[in-house]
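Notes for the structure review
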Amino acid sequence: MCTGKCSKFIGVSLYPLILICITANLMMFFPDWSTEYIVNAGEQITQEVRSVGGIVGGGLLVLISAVHIQATGRKGCCNNRCGMFLSIAFSIIGLGGALFGFLMSLIGLLRGPVCQFNPTFSNDDNIIKPTNGSLVWGRPFDGELEELSDDNYLFHPDTWNICLAPRNVVMFNVILFSTILVATGIEIILCAVQVLNGLFGCICGTCRKEKNEKGDKGELIE
């Protein structure tokens, strides 16, 4: 594939992923579709959400990269070897942003959400049931960041009802962090491909064709 066309394809493909990351991260500030938790975000919103990995990392930083990457695939000042060289630098910026969003989502997924729960509970018939007692805010599923195992809460949805508020916050957390995780993972791949594509573009040109002044069919402009 022509390096210029490849850049255009990568740039266009990044835009929906950017929108997904920003939207999912914003939604996570409003668990149970309520604004009351963002008022006390320091205690009731997870650190990984507040780090805005999806908004800044997989969103704005990748957007900066996508705009230039797409520009190298269109006729203009960026559609040349110099533009391809700059696309490598912008792709690295996007790669770093997507990686940041990916890591924040992975950590947030493994540590679980912040919620209101009863620190004492009973386990009857393998179903976690809260008992009478004072409720606290915290991360009931938090533990050492280790490799996923069968003991992780992600594989035991029957324990998710430990969280009493916000409602369904565990599922909310899992779905949105997983969404950002997948989107930023694809962004990492696309930005890495553009680094290689930009390198080939520096060496071989962008395969751009323009008509010459004499009306010939066109000649290859590198």
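Quick summary incoming for the structure in this document. Since the structure is predicted, the reported quantities are computational estimates derived from the model, not experimental observations. Throughout, a residue's number is its position along its own chain's written sequence, starting from 1. Local features in a predicted model are, by the rule used here, given only for residues with pLDDT of at least 70; side-chain atom pairs are given and counted only at 80 or more, and totals for whole chains, interfaces and linings are based on all residues. Note: side-chain values were computed over all heavy atoms of the structure, leaving out hydrogens and water.

This brings us to the overall build of the chain. In this text, helices come from DSSP runs of H or I with a minimum length of four residues, and strands from runs of E with a minimum of two, each type numbered from the N-terminal end. Scanning the chain for helices and strands turns up seven helices and seven strands. Tracing the chain from N to C terminus, the helices and strands come up as α-α-α-α-α-α-β-β-β-β-β-α-β-β. Residue contacts are counted whenever heavy atoms from the two residues lie within 4.5 Å of one another. Summarising the internal contacts of the chain: among those between residues at least 6 apart in sequence, 71% fall at separations of at least 24. Note on areas: these come from Shrake-Rupley sampling with a 1.4 Å probe, and a residue is covered only by the protein chains present in the view. Only carbon and sulfur atoms are counted for the fraction: they give 63% of the accessible area of the chain, which is about 12,000 Å².

Two cysteine sulfur atoms make up a disulfide if the distance between them is within 2.5 Å. Scanning all chains against the criterion turns up one disulfide. Bridging Cys-115 to Cys-163, the disulfide has an S-S length of 2.1 Å. Judged by the torsion about the S-S bond (-65°), the Cys-115/Cys-163 disulfide is left-handed. In this pair, Cys-115 is assigned in strand β1 (residues 115-117) and Cys-163 in strand β5 (residues 163-165), connecting sequence segments 48 residues apart. Exposure classes here rest on a 1.4 Å probe applied to the protein chains alone. A residue is buried below 20% of its type maximum, exposed above 50%, and partly exposed in between. Residue classification places Cys-115 among the buried residues on the basis of a relative accessible area of 0%. Among the residues examined, Cys-163 registers a relative accessible area of 9% and is labelled buried.

Now for the environment of Ile-186. If you trace the backbone, Ile-186 turns up in helix α7 (residues 169-204). Under the relative-accessibility criterion, Ile-186 is labelled partly exposed at 37%. In this structure the C-alpha to C-alpha distance between Ile-186 and Ala-98, which are 88 residues apart in sequence, comes to 8.8 Å.

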